Amino acid sequence: MSNPYLAHAARRIAQAGVVVLLTYVFTFVVVSILPGDPVTNVLRNPQNGFTEAEIQEIIAAQGLDRPVLAQLGSALGGFLTGDLGNSLRSGRPVATLIGEVLPSTLILAGSGLVVALLLAGAVAYGTQFLPRRYGQGLLRGFPSLFLSVPNFVIGLVLIHVFGFQMGLFRVIQPDSFWATLFAAVALGIPISAQIAEVLIANLDGEARQEYAAVARSRGLGQARLFAAHLLKPAALPVVTVIALTIGELLGGSLITETVFGRTGIGSLVQRSVTTQDLPVLQAIVALAAALFVVINLLADLVYPLLDPRVRLAGPQRLRRAGADRVATDLAARVVTE
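On a predicted model such as this, the values are computed, not experimentally measured, just so you know.

J.: How should helix 14 (residues 265–275) be read in this particular structure?
T.: Residues separated by three or four positions in an α-helix point in the same direction, a consequence of the helix having 3.6 residues per turn. Among all positions in helix 14, only I265, G266, S267, L268, V269 and S272 are buried. Just downstream of helix 14, Q276 is the residue with a positive phi angle, here 55 degrees.

So, in structure tokens, the structure goes:
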């Protein structure tokens, strides 16, 4: 890799690290430092049944009797080392509680993203190569349809049809293969709409380029033209869209887990909100923000590698080569194959 790319990568990694730290500081301020001290207020709520001695013991254990800067420094150091504190309710380490349910959520979110990519790719391919009546009419309306139906509605329909009617999975076994698959479908369908819209628009533009005309004139098949020549340049904006939909993917995972009865981050959040377990909520918010920043960092780093038209220029800007030169280069590549 070239030195400009390595410098760009190092700069973006440093920026992402600063953003993650600032996000955690902001979350800490909102949860722990604002007037009223929500942790102490929760402990002193008569409905929670803590005695004064227990309250003082918990306050000391959580470090709430120390100066604010000392609390922040301790919390930030613990966050960097993986120590997220202890739950107010169970007394167990927050990192352990999250670690027990995180794999289930990651499996669901990852499967949902795969479903969304496959579905978006299939719809985009069909819009380019199916007969005009289907590709230009029916398929181009699918993204709007997918986006208009909430994932919990799709999930309930899938449970009724494939769970109750066809018996492919049992609701009481939400972690089985078929239950996970249909949960991923319910999560992935709305996400695929945004990806498909951007991919279709960019494929339409790439299909009108000179290199695509040259490829067709040489008799390249539809599948090869799509996979080898149209998909890669059209996928550049899709990378950005995928990174931006990670937040929606995680949020949808929490809802989908509830619909399918899965034990994941969603159930942990629900339980923590119900019991006002603020250390757990603070850790989940901070980790979700960190994950979102990391995904967008990866998209930023992949961006210059996906498309040869992107060039790094100086420490803070990207420049794009001329469209005529790109078309000429790609057309020459097609001719030589």
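J.: Any chance you could explain the nonpolar core here in plain terms?
T.: Nonpolar side chains tend toward joint burial in soluble globular proteins. Judged by nonpolar contacts, the single largest core of 40 residues is most densely connected at F169, I195, L199, L203, L230, L249 and F260. For this core, the elements supplying multiple residues, two or more each, are helix 5 (94–129), helix 8 (151–165), helix 9 (177–207), helix 10 (210–217), helix 11 (222–234), helix 12 (236–244) and helix 13 (246–260). It is helix 9 that contributes the most residues to this core, 13 residues altogether. Not counting the four nearest positions on each side in its chain, L249 is found in contact with A109, G112, L113, L187 and I191. Membership of the second largest hydrophobic core comes to 27 residues, among which are V20, L268, V293 and L297.

J.: Is there a simple way to explain the pattern of salt bridges in this structure?
T.: Close approach of charged atoms lets side chains of opposite charge pair. This model, assessed by the stated rule, comprises 2 salt bridges. E100 is the salt-bridge partner of R92, the closest N and O atoms lying 2.4 Å from each other. On the basis of relative accessibility, which here comes to 34%, the residue R92 falls in the partly exposed class. Close ionic contact of D175 with R262 constitutes a salt bridge, the shortest N to O distance being 3.7 Å. Residue D175 is located in the loop between helix 8 and helix 9, and its partner R262 is located in the loop between helix 13 and helix 14; the two are separated by 87 residues in the primary sequence. Among the residues examined, D175 registers a relative accessible area of 54% and is labelled exposed.

What counts, and where the lines are drawn
Residues numbered from 1 in each chain as written. Predicted model: local features only at pLDDT ≥ 70, side-chain atom pairs only at ≥ 80, totals over all residues. Heavy atoms only, no water. Buried < 20%, exposed > 50% of the residue type's maximum accessible area, 1.4 Å probe, protein only. Helix = DSSP H or I, 4+ residues; strand = E, 2+ residues; numbered from the N terminus. Core = buried A, V, L, I, M, F, W, Y, C linked by side-chain atoms within 4.5 Å. Contact = heavy atoms within 4.5 Å. Salt bridge = Lys/Arg side-chain N within 4 Å of Asp/Glu carboxyl O.

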